[in-house]
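The chain contents come next:
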Amino acid sequence: MAQHTPPRHRVAVLIRPGFIPFELGIPHRIFGIARDAEHRPLYEVVTCTPGGPGLVRSDSDVLVQVEHGPEVLETADTVVVPASHTSGPDGTDPAVGDPVLEPELAAALARIRPGARLMSICTGAFVLAAAGLLDGRPATTHWLESDRFRRLYPGVGLDPDVLYTDDGDVLTSAGVASGVDLCLHVVRRDHGTAVAQDVARRTVVPPHRDGGQAQYIRRPVGIERAVERAGTSGAAAAGSRGASTAAARAWALDRLDEPLTLSDLARHAAMSVRTFTRRFRDETGESPAQWLTRQRVEHARTLLEGTALPVEQVARRCGFGTAQSLRAHLTAALGVTPSAYRRTFRRAA
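Residues numbered from 1 in each chain as written. Predicted model: local features only at pLDDT ≥ 70, side-chain atom pairs only at ≥ 80, totals over all residues. Heavy atoms only, no water.

(A) Local environment of the packing of aromatic side chains. Per the stated rule, a full pass over the model turns up six aromatic pairs. Summarising the aromatic geometry, the rings of Phe31 and Tyr43 are spaced 4.8 Å apart at their centres and angled 50 degrees between planes, so their arrangement reads as tilted. Residue Phe31 is located in helix 1 (residues 21-32), and its partner Tyr43 is located in strand 2 (residues 43-48); the two are separated by twelve residues in the primary sequence. With a relative accessible area of 0%, Phe31 lands in the buried category. Here Tyr43 falls in the buried class, since its relative accessible area comes to 2%. Measuring from ring centre to ring centre gives 5.7 Å for Phe280 and Trp291, while their planes differ by 75 degrees; the resulting arrangement is edge-to-face. You can see Phe280 sitting in helix 11 (residues 273-284) and its partner Trp291 sitting in helix 12 (residues 288-306), a full eleven residues away along the chain. Counting every residue linked through ring pairs, the aromatic cluster contains Phe126, Phe149 and Tyr153. Over the face of the ring belonging to Phe280 we find Arg249, whose NZ or CZ atom lies 5.8 Å from the ring centre. (Phe/Tyr/Trp six-rings, centres within 6.5 Å; stacked < 30°, edge-to-face > 60°. Helix = DSSP H or I, 4+ residues; strand = E, 2+ residues; numbered from the N terminus. Buried < 20%, exposed > 50% of the residue type's maximum accessible area, 1.4 Å probe, protein only. Lys NZ or Arg CZ within 6 Å of the ring centre and 35° of its normal.)

(B) Spatial organisation of the sheet that holds strand 5 (residues 78-81). Ordered in space as 2-1-5-6-10-9, the six strands form an open sheet in which the pairing is mixed. If you trace the sheet from one side to the other, it starts and ends with strand 2 and strand 9 (164-166), each paired once. Pairwise comparison of adjacent strand axes, ignoring direction, gives a mean angle of 15 degrees for this sheet. In the sheet, strand 5 pairs with strand 6 (residues 117-120) via four bridges, with the strands oriented parallel. Counted as the bridge partner of Val80 is Met119 from strand 6. Strands strand 1 (9-14), strand 2, strand 5 and strand 6 of the sheet are contacted by helix 1, whose axis makes an angle of about 165 degrees with strand 2. (Pairing = 2+ DSSP bridges. Axes fitted to C-alpha atoms, helices over the stretch in contact; angles between N-to-C directions. Contact = heavy atoms within 4.5 Å.)

(C) Looking closely at the environment of Arg111. Relative to the assigned elements, Arg111 resides in the loop between helix 3 (103-109) and strand 6. Spatially, the C-alpha atom of Arg111 lies 10.0 Å from that of Ala76, the residues being 35 residues apart in sequence. A polar side-chain atom of Arg111 sits 2.8 Å from a polar atom in the side chain of Glu74. (Polar contact = N/O pair within 3.5 Å; in protein donor to acceptor, adjacent residues only side chain to side chain.)

(D) Layout of the packing of helix 6 (residues 178-191) against helix 7 (residues 193-203). Between helix 6 and helix 7, the shortest axis-to-axis distance is 7 Å and the interhelical angle comes to 150 degrees. When the axes of helix 6 and helix 7 are compared, the pair comes out roughly antiparallel. Here Leu184, Val187, Arg188 and His191 of helix 6 come into contact with helix 7, specifically with Thr193, Val195, Ala196, Val199 and Ala200. The residue inventory of the contact of helix 6 with helix 7, partitioned by class, reads six nonpolar, two polar and one charged. (Parallel < 35°, antiparallel > 145°, perpendicular 65-115°, else oblique. Nonpolar A, V, L, I, M, F, W, Y, C, P; charged D, E, K, R; others polar.)

(E) A look at unusual backbone geometry. The phi dihedral of Val176 is positive, around 40 degrees, even though this residue is not glycine. Classification of Val176 as partly exposed rests on a relative accessible area of 28%. Despite not being glycine, Ala270 has its phi angle at roughly 55 degrees, a positive value. Note that Ala270 resides in the loop between helix 10 (262-268) and helix 11.

(F) Structural context of the pairing of strand 2. Counting buried positions along strand 2 yields five of six residues, so the element is predominantly enclosed. Sheet topology places strand 1 next to strand 2; six bridges connect them, and they run parallel. By the bridge assignment for strand 2, Ala12 is matched with Val46.

Spelled out as C-alpha cells, the structure:
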C-alpha cells in the first residue's frame, strides 16, 4: 500500500519590479530546505508577480523569469511580500511614499484567499498597511522608514525596535536580513525547534538573534553634542519664549561620567527644577532622566564598539557606575548585554 504524502504548505512570494534579490532568496532558502523526519519537503515555494508571468527586473542588474501571475495567490497558504526599490522617492519602495496602492497590486492582493497567512519583509509592510491589512495590529518595518510609516498609518501598532512581529495570521519583519529571522520563526512555529534549528545550521545562521532592531539604530553622542551646542548658540533667539535648556544639555554631554542630578542641570540652566523639567520636556520630548540615560547608553555603545576597555570601565566612563547597572540599561534599551553587543559590533583594532 502506497504511503500517503501529506500536502506541502504553499508559500507564494509576491515580487514587484525593483525587488531585492536577497529578499526574494530568503523565503525560498529558509522554507525551501525545511524537511520532516523522513526528509520530505515541508513547503512548496513559488514566485509570482501582480502583472503576470514574465521577466522582472530587480534593483540591480539581475532579471528573474517569473512563471506565475497573481492567480497563485488564490491557492497560497502563506503570502510573502518583500520590499521593492525602484521608482519610489529616493529610490525606496514606491509603496513607502504613496498610501494608495497601484491598481494592479491592489487587485493581486484581493485574490489572496481567506485564512492565508501574510508576511512582509522590510518595507513590504507598507504594502500590507496600504491594503488595510495591518489596521489595529502590531507591525514593524525598516527603522529608517519608521517615522514615515507612523505618519501614513497611525492606526497600526508600529514597533521599530523589534526584528519581527507575529500577530497570528499577519507577520512583519524589519530591514532586509530580519526576513531570515522571521522565516525561521515561522518554521519553528509550524514544525518545532528541531526543524528550525536544522534549517539554521544548513543555512549557517543563528537560529535566534539576540535583541532587536534597536541595536542597529545609531544616534552618536558626538552628533548629539554638536546639536546641543548649536542650540546653545541659538538660545538667545528664544526671546519671549524664555531661556533654553540646550546649554545644560551640552554641559551634561561633557560630563556623562559624573553623577549628574536634576538639580545640577537646573542650576546650570539658572532655572528652578520645576521650570527646567517642563521646558526640557517641551524641547526634547523626554524627561531629563530619560534623556540622560539615552545619552549614556549611546556613549556606552561607542566605547564597546571602539575600545577594548573592560565592561566595568565602560560603565564608569558613561556614568552607569557598575557593570551590572550598564548591563541592565543596555538590555532594557537594546535587548542585548554589553558583551553580546561588543561581539556583534566591535570594530577591528
